Amino acid sequence: MFRIQQFAALANVTVRTLHHYDRLGLLKPTHRSASGYRLYRNEDLGQLERILVLRYLGLPLREIADLLATGGPDSEHSLPSTLARQAAVLRERRAGIDRVLEAIERAQRQSQKNAEPDWFLYQTILKEINMEQTQHWMDKYYSPEGREALQERIKTWTPELQAEINVKWQELFAAIQQAIDTGLPLDGPEARALGKRWFELADAFTQGNPALRDGIRKAFADRQNWRQSDMPEEAVRSLPSEAHTKWLGEVMRAQLVA
């Protein structure tokens, strides 16, 4: 048996990571000592290694929990199927990085010729970087059907429409913050109206497509693991705060009870 500090050192992770995995049900200690200390076995190390590999491959933690709990050999969520999907995702990611490298090499050649101004060369590289980041964001949270639906939706999602929606989101966030600050009743009609505005704005993009909705749900379930650099810039501008999403959840629960 290993106490948590020993097990963390053995696995080369932090104690905080093990606490987090325990809370999510990913890796619970086998036993507890008489004093309440978490105790791990050698077998737990194998489970932790599986979690770390799947996390490295880009799976959200809650999806990893589902996989380890329910992924039978014939399931589409089995380990072989999941690894095959993630291998395809990583190949796409590698292709995106290759495109960024090619853009850098083209910019280097152009700079030697002085054929283009510096700003144009950086603009070319930045375009490829933004495309690669957007692709990574899509691959991480969307199913193949979701990525296909997302690509189709993006074709009709103009910068003007994005700017208009961003303004509406910011207005809604301000209204929700005021509701939080003033203690607006969660089960009242005003809170219900704000919740309705939230879902209407979300559906302005998803148009009710379940694959798109599922991708967004997975992204928000993994919010604590987001890196801003992984996200397309336009997505960052329209993000609600964690306080706002928590408030919406409380409103939905209160409305169901009312």
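For the structure itself, consult the block above.
Peer 1: Just to check I follow, could you spell out the packing of helix H8 (residues 159-182) against helix H9 (residues 189-206) for this structure?
Peer 2: At their nearest, the axes of H8 and H9 sit 11 Å apart, and the two run at 160° to each other. On the basis of the axis angle, H8 is roughly antiparallel to H9. H8 and H9 meet at a crossing whose hand is left-handed. Facing H8, whose interface residues are Ile-165, Lys-168, Trp-169, Glu-171, Leu-172, Phe-173, Ala-175, Ile-176 and Ala-179, H9 presents Leu-194, Arg-197, Trp-198, Leu-201, Ala-202 and Ala-204. When the residues that make up the contact of H8 with H9 are grouped by side-chain class, the tally is twelve nonpolar, no polar and three charged.

Peer 1: How should I be thinking about the pattern of salt bridges in this particular structure?
Peer 2: Pairing is possible between side chains of opposite charge, provided their charged atoms come close. Per the stated rule, a full pass over the model turns up six salt bridges. Note that Lys-28 is salt-bridged to Asp-22, the shortest N-O span being 3.0 Å. You can call Asp-22 buried: its relative accessible area is 7%. Between Glu-43 and Arg-41 there is a salt bridge whose closest N-O contact spans 3.9 Å. When salt bridges that share partners are traced, they join Asp-22, Lys-28, Arg-32 and Arg-38 into one network.

Peer 1: Which parts of the structure should I look at to understand unusual backbone geometry?
Peer 2: A negative phi angle characterises most non-glycine residues, just as the trans form characterises most peptide bonds. In this structure, Asn-12 takes a positive phi of about 60° despite not being glycine. Residue placement: Asn-12 occurs in the loop between helix H1 (4-11) and helix H2 (15-24). The backbone of Gln-207 shows a phi angle near 55°, a positive value even though the residue is not glycine. Following the sequence through the fold, Gln-207 ends up in the loop between H9 and helix H10 (210-221).

Peer 1: Honestly, the sheet that holds strand S1 (residues 2-3) in this entry has me stumped. Any pointers?
Peer 2: Sheets are built from strands paired through backbone hydrogen bonds, the pairs being either parallel or antiparallel. One open sheet accounts for three strands, arranged S1-S3-S2; its pairing is antiparallel. A strand with exactly one partner marks an edge of an open sheet, and here the two such strands are S1 and strand S2 (31-32). Relative to strand S3 (residues 38-40), S2 runs antiparallel, the two sharing two bridges. Paired with Arg-32 across the bridge in S3 is Arg-38.

Peer 1: Would you take a moment to explain H1 for this structure?
Peer 2: Three- or four-residue spacings in an α-helix give side chains the same orientation, since the helix completes a turn every 3.6 residues. If you check which residues of H1 are buried, you get Ile-4, Phe-7, Ala-8 and Ala-11. All buried residues of H1 lie within an arc of 100° about the axis, which places them on one face of the element. Considering only its buried residues, H1 is in contact with S1, H2, S3 and helix H3 (42-56). Downstream of H1 by a residue or two, Asn-12 has a phi angle that is positive, lying close to 60°.

Peer 1: Can you help me understand the nonpolar core in this one?
Peer 2: Looking at soluble globular proteins, one finds that nonpolar side chains tend to be buried together. The biggest cluster of nonpolar side chains holds 21 residues, and the ones touching the most others in it are Trp-169, Leu-172, Ile-176, Leu-194, Trp-198 and Trp-247. Broken down by secondary-structure element, the contributors of at least two residues to this core are helix H7 (144-156), H8, H9, H10 and helix H12 (242-257). Per-element tally for this core: the top contributor is H8, with six residues. Grouped together as the second largest cluster of nonpolar side chains are 19 residues, Ile-4, Ala-11, Tyr-21 and Leu-48 included.

Peer 1: Any chance you could explain the packing of H1 against H3 here in plain terms?
Peer 2: Packed helices, taken two at a time, are described by the angle between their axes plus the distance between the axes. It is at 11 Å that the axes of H1 and H3 come closest, and there the two elements cross at 50°. Classified by the angle between their axes, H1 and H3 sit oblique to one another. Here H1 and H3 pass one another in a crossing that is right-handed. Contacts between H1 and H3 pair Phe-7, Leu-10 and Ala-11 from the former with Asp-44, Leu-45, Leu-48 and Leu-52 from the latter.

Peer 1: Honestly, a nonpolar patch on the surface in this entry has me stumped. Any pointers?
Peer 2: Together, Ile-97, Leu-101 and Ile-104 line one region of the surface with nonpolar side chains, adding up to about 220 Å² of accessible area. Within the secondary structure, Ile-97 is located in helix H5 (residues 79-113).

Peer 1: Please explain H2 as it appears in this structure.
Peer 2: Taken together, the buried positions of H2 are occupied by Leu-18, His-20, Tyr-21 and Asp-22. Of the residues flanking the end of H2, it is Gly-25, one or two places downstream, whose phi is positive at about 80°.

Each value, and the rule that gives it
- Residues numbered from 1 in each chain as written.
- Predicted model: local features only at pLDDT ≥ 70, side-chain atom pairs only at ≥ 80, totals over all residues.
- Heavy atoms only, no water.
- Axes fitted to C-alpha atoms, helices over the stretch in contact; angles between N-to-C directions.
- Helix = DSSP H or I, 4+ residues; strand = E, 2+ residues; numbered from the N terminus.
- Parallel < 35°, antiparallel > 145°, perpendicular 65-115°, else oblique.
- Left-handed = near helix turned anticlockwise from the far one by under 90°.
- Contact = heavy atoms within 4.5 Å.
- Nonpolar A, V, L, I, M, F, W, Y, C, P; charged D, E, K, R; others polar.
- Salt bridge = Lys/Arg side-chain N within 4 Å of Asp/Glu carboxyl O.
- Buried < 20%, exposed > 50% of the residue type's maximum accessible area, 1.4 Å probe, protein only.
- Pairing = 2+ DSSP bridges.
- Arc of directions from axis to C-beta.
- Core = buried A, V, L, I, M, F, W, Y, C linked by side-chain atoms within 4.5 Å.
- Patch = residues over 30% accessible without salt bridge, like charges linked within 9 Å, V, L, I, M, F, W, Y side chains within 5 Å.
- Areas by Shrake-Rupley, 256 points an atom, 1.4 Å probe, with all protein chains shown as cover.

As far as function goes, none of this settles anything; it's purely spatial.
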